[in-house]
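Each chain, written out:
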Amino acid sequence: MERQKSFSLKSGKLFSIAVSSSFLFCFLLYYCGLKIAPTKTHFLFEPCNKTKQASFGEIYFSEARNNSDEVFDLTLQGRDEVFVDIRVEENGNLSGEVLDEQEVRENVSSVQVTESVRKSDDANLGNPNLKEISNVLEINQHLNTSKMGGENNEKMRDLDVNKTEREVEGKCNIYDGKWVFDESYPLYDSKSCSFIDEGFSCEANGRTDRDYTKWRWKPYYCNIPRFNAVKMLDLIKGKRLVFVGDSINRNQWESIMCILRQGVLDPKRIYEAHGRRITKEKGQYNFKFVDYNCSVEYYVSHFLVHESKARIGTRRVKTLRIDTIDKAASKWKGADILVFNTAHWWSHHKTKSGVNYYQEGNLVHPQLDVSSAFQKSLKTWAWWVDRYVNPAKTQVFFRSSSPSHFSGGEWNTGGHCKEHNQPLNFTSRKQIPVPEMNLILDQIIAQMKTSVTVLNITNLSGVRIDGHPSIYGRKPVSGAQASGIQDCSHWCLPGIPDTWNELLYYHIVSKQRLFAKR
């Protein structure tokens, strides 16, 4: 009996060991195969592993996949370490959350991760290529499948719009991202759009390279949808979309006209209310889209306040009434979507010097610095918006300043940008000083009663030195000597303003879905 008892004890131990070993073997098997996942697993991502060198911003996700060559692109603020909560659902989809360093110990709502894996050849690793698109890990709240084709990827981009702006704000800054080369762009062909005036029609003026039209803006942590012209026209059916500002805003307005043109089968169903052709000389346009009973309008206003004249001594001189809204403001009233800007003309000699130029009431300031004048002008604009815009009806946007890229001088002193046909190095995420105009704009908007959305395009446009007309802002004249003046302020179309309008489209669609949920 004693021997039998001893044998029973040893058998029990062996049985326990066998069970434990089996459990461990099953656990390792499932973990490597990713058939079943732990409830919550923390992964530490690094820019590259020990055996392969990745391009800047690429990481290897070998811990949770059998193939360690699957490359995922995060570029999460250039950090060396990124903490991610990952869970693998029963259907094989990954879900989890990217945690900021300060949030590692905090609870944040989870997001889902879209896996659209694109393998990179070993020869390309460590060899950054501007045209290589490695946007293969995208944070998304609506994952249906982990095997996405090209057409489905566009659908996934659209899915982000299902999130309201409030849902997105805490998880994604759509202005924090990079440019990726995308052969499916541009959104339209310049030859098919009659709304581009000569100054922006670079292809018609002799520019032969096309790469500048094929860059798409991609936020780091989410997607913005491709501009859907038909959907946008449906959203503004029976409404007025109005752009107010300087020639850079006309640049953006012409862009959206070309994009929306793609949603109309018969171009004759679009007409200008007064029969005007688009030129630099005209300052007002009102285009009707007959099938949608809507209008897309542009009103020139260099400063948003009134350009006037006043008597100083025996002379009448041009002044800027920084306490009075532009005289055309009555035409802005009643719009359903308003897109404002002012910046370009504030860098001119007269505005920068501020000598006998800025006027308040009957007082013409002998000297006033441009920053103070700009702030006073925006306060006047803000007062008008708060008084005359109905926030229940009208969505208000203000586009931030658009950067210029003159080298070796200004526009009239030999400044140039012709030699650039690629974006500036956009892989690094350096802290770019915020222009003072943008800081003042933010301060003014923060004090307003009316909600205003800032289209913060300054930094993302700052790397696109390749997108200006340069010498292609006018048609070449046979036998005539070139003037030597280059345009490094405005933008070719198709081009960068199309991206501004995709950002505008994102906000409009998000707002519409927010109202639909209420």
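Our subject is the structure listed above.
Residues numbered from 1 in each chain as written. Predicted model: local features only at pLDDT ≥ 70, side-chain atom pairs only at ≥ 80, totals over all residues. Heavy atoms only, no water.

Caption draft 1: Representation of the pairing of strand β16 (residues 337-340) in the model. With burial as the criterion, each face of β16 is covered, one bearing Ile337 and Val339 and the other bearing Leu338 and Phe340. Pairing analysis gives four bridges linking strand β10 (residues 240-245) to β16, with the strands arranged parallel. In the strand pairing of β16, Val244 is matched with Phe340. With four bridges connecting them, β16 and strand β19 (residues 395-399) associate as parallel partners. Bridge pairing in β19 links Phe340 to Phe398. (Buried < 20%, exposed > 50% of the residue type's maximum accessible area, 1.4 Å probe, protein only. Helix = DSSP H or I, 4+ residues; strand = E, 2+ residues; numbered from the N terminus. Pairing = 2+ DSSP bridges.)

Caption draft 2: Summary view of the pattern of salt bridges. One pass over the structure, following the stated rule, counts 14 salt bridges. Its salt-bridge partner being Arg250, residue Asp197 comes within 2.1 Å of it at the nearest N-O pair. Taken together, the positions of Asp197 in the loop between β8 (177-181) and β9 (215-219) and Arg250 in helix α5 (residues 247-261) put the pair 53 residues apart, joining distant regions of the chain. Classification of Asp197 by relative accessible area gives buried; the value is 3%. Judged by its relative accessible area of 5%, Arg250 falls in the buried class. A salt bridge links Glu360 to Lys376; the nearest nitrogen and oxygen atoms lie 3.7 Å apart. Linking Glu360 in strand β17 (residues 358-360) with Lys376 in helix α7 (residues 370-388), this pair joins segments that are 16 residues apart in sequence. (Salt bridge = Lys/Arg side-chain N within 4 Å of Asp/Glu carboxyl O.)

Caption draft 3: Structural view of the sheet that holds strand β20 (residues 452-455). The mixed open sheet is built from seven strands, whose spatial order is β11-β12-β13-β10-β16-β19-β20. A strand with exactly one partner marks an edge of an open sheet, and here the two such strands are β11 (270-272) and β20. With direction set aside, neighbouring strand axes in the sheet form an average angle of 20°. Across four bridges, β19 lies against β20 in parallel orientation. Each residue of the ladder has a partner; that of Phe397, found in β20, is Thr453. (Axes fitted to C-alpha atoms, helices over the stretch in contact; angles between N-to-C directions.)

Caption draft 4: Structural detail: the state of the cysteines. Inspection of every chain in the model, using the stated rule, returns four disulfides. Between the sulfur atoms of Cys202 and its disulfide partner Cys492 the distance amounts to 2.0 Å. Disulfide Cys202 to Cys492: torsion about the S-S bond roughly -90°, handedness left-handed. Within this pair, whereas Cys202 is found in the loop between β8 and β9, its partner Cys492 is found in the loop between α9 (458-462) and α10 (496-517), the two being separated by 290 residues in sequence. Across a sulfur-sulfur distance of 2.2 Å, Cys417 and Cys488 are joined as a disulfide pair. When the S-S torsion is -100°, as for the bridge of Cys417 with Cys488, the disulfide is left-handed. Of this pair, Cys417 sits in the loop between β19 and α8 (436-446) while Cys488 sits in the loop between α9 and α10; the two residues are 71 residues apart in sequence, bridging distant segments of the chain. Like Cys417, the residue Cys488 is buried in the burial classification. Along the protein chain, the cysteines that take part in disulfide bonds pair up as 1-4, 2-5, 3-8, 6-7, counted in sequence order. (Disulfide = S-S within 2.5 Å.)

Caption draft 5: Layout of the sheet that holds strand β14 (residues 305-312). With mixed pairing, four strands are arranged side by side in an open sheet as β14-β15-β17-β18. In this open sheet, the two edge strands, each paired with only one partner strand, are β14 and β18 (363-364). Contacting β14, β15 (315-325) and β17, α7 crosses the sheet at an angle of about 50° to β15. (Contact = heavy atoms within 4.5 Å.)

Caption draft 6: Layout of α8. Every buried residue of α8 is accounted for by Asn438, Ile440, Leu441, Ile444 and Ile445. One side of α8 holds all its buried residues, which, seen down the axis, span an arc of 160°. (Arc of directions from axis to C-beta.)

Caption draft 7: Just the nonpolar core, in detail. One finds Met232, Trp253, Ile256, Leu260, Phe289 and Val296 to be the most contacted residues of the largest nonpolar core, which totals 57 residues. Once residues within four sequence positions are removed from consideration, Phe289 is found in contact with Leu233, Met257, Leu260, Val264, Arg269, Ile270, Cys294 and Val296. Val244, Ala328, Phe340 and Ile444 belong to the second-largest nonpolar core, a separate cluster that totals 35 residues. (Core = buried A, V, L, I, M, F, W, Y, C linked by side-chain atoms within 4.5 Å.)

Take it as geometry only, folks, not as evidence of what the structure does.
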